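This is what each chain is made of:
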Amino acid sequence: MKMTDMPEDSGIEERFGVLTEEAIERSRRRLGVPQPQRNPPHNYEVTWDAVRHFAYGYGDDNPLYCDPAHGAATRWGRLIAPPTFLYTMGEDAAPEPDPQTKALLKGDPFAGLGSYQAVMEFEWWRPLELGDRCRMLQAQVGVQPKPSRFGGRTVHVTHDFLYTNGAGQMHAVRRGTWINAERHTSKKRAKEKLVQEPYTSERLAQIDALYAAETRRGAEPRFWEDVQAGDELQPRVKGPLTTTDVVVWHLGWGMQLTPPGSFRLAHRVRTKAPGLYPPNALNVPDTVQRLHWEPQRAQELGLPNSYDYGGMRETWLCHIITDWMGDDGWLWKLRCEHRKFNYIGDTTWVRGRVTGKRREGGRNEVHLEVWCENQRGETTTPGTAVVLLPTRERPRVELPESPAPDLDGMVAHELRRFDVAE
């Protein structure tokens, strides 16, 4: 991984809250440069409790993730973590940056802009197992200016988060694209009226009936031969979303953006990064993440109400897929786009269908369309996925190979991949 040759004083002039060519150029200079992590991971090790708390946080009591005895009887030989558990893991694998690289990575070229997660892609090559540790390397791999549908300009920035397991083998890649937009464009969203009607007893009973009807494939294999295009996945319901749901999600997911800890520990972080703790209505510094549970903060930023995290819906999509494919299947790829906010009070139906299947390179692939849909009939997060299923002739799925065997090779591969895609 090559460090940048940019001098410490680049002469670049950036303006807070304004999308400039200088900011875009500075962002481009970061392509492929490993970015040291500011925060420690929520979990250093895959433990029974950590995995169970994470799974419970999105409403999943699958024994593959929650019962070590069940896990020991599966093809994996032990409890494994849900696919998106990687969010909670990852000791920093970035090398110590030299002074020039520190200057390049200092600050945010798009400081003051609104930043919204737009796309998330995953590929998984092997599981994280009970007792595993994990290393993670973050590197920016794409910068793309685009016009905004609200007027003005935006810039789409793609970051890779590359994960290895405790043995140093590639576990997964998480590719995230964030849209950075000037506040005057993002605030135009506030003109979009949010209609949230109180739930009737009858409507709540219908939602409860869906919860009660949920089943999972579990230990019974779902064979590739038995799957046909057009097959529907049993839907999952998530909601009505409450602030409590967001709090319970954080127990398993961690905080992600602001470091863990409160009171003196938060004070210590706040003195180094005050921008992470804007004052609340009482002039008390509080985490920027509070817009997810504090409606007043969301409204200050031009949104009508608090809302969930993209990572929640990504995990919900994994939930419907893993319940459908069973213990012997493997979720290889997931791509989804977050197109609308999922507000506190909204109910989400997670749905999916088979769009096709094929055999390629020894893999028995099933291709899925998956999506999240709210009570207003809006698709908030559409997505696609690829699942590998066993066959009656070959009941043990062969795990896919990563494009490169190590972190350095994966960064180079991902930069080439983005160039080709664009």
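Residues numbered from 1 in each chain as written. Predicted model: local features only at pLDDT ≥ 70, side-chain atom pairs only at ≥ 80, totals over all residues. Heavy atoms only, no water.

What follows covers the sheet that holds strand β7 (residues 330-337). Overall, mixed pairing links the 10 strands, which are arranged β1-β3-β4-β5-β2-β7-β10-β9-β8-β6 in an open sheet. The strands lining the two open edges of the sheet, one partner per strand, are β1 (91-92) and β6 (232-238). Strand direction decides the pairing type here: strand β9 (residues 363-374) and strand β10 (residues 379-388), joined by 9 bridges, are antiparallel. In the strand pairing of β10, H367 is matched with V386. In this fold helix α1 (residues 21-28) packs onto β3 (135-147) and β4 (153-164), with an angle of close to 150° to the strand it touches most, β3. The strands touched by helix α7 (residues 201-213) are β6 and β8 (348-360); relative to β6, the strand with the most contacts, the crossing angle is about 125°. (Pairing = 2+ DSSP bridges. Helix = DSSP H or I, 4+ residues; strand = E, 2+ residues; numbered from the N terminus. Contact = heavy atoms within 4.5 Å. Axes fitted to C-alpha atoms, helices over the stretch in contact; angles between N-to-C directions.)

Before going further, it helps to examine empty space enclosed by the protein. Counting across every chain of the model gives 2 cavities of 30 Å³ or more. In terms of lining, the largest cavity is formed by 20 residues, of which the most central are Y65, I80, A81, P83 and W330. Residues of the lining of the largest cavity, tallied by class, amount to 13 nonpolar, 5 polar and 2 charged. Considering only enclosed or pocket space, the second largest cavity measures out at about 70 Å³ in volume. Together, G362, R363, N364, L388, L389, P390, T391, R394, R396, V397 and E398 line the second largest cavity. (1 Å grid on protein atoms, 1.4 Å probe; cavity = no way out; pocket = protein on both sides within 12 Å on 5 of 7 lines; lining within 4 Å. Points joined across faces, edges and corners; volume = space filled by probe spheres on them. Nonpolar A, V, L, I, M, F, W, Y, C, P; charged D, E, K, R; others polar.)

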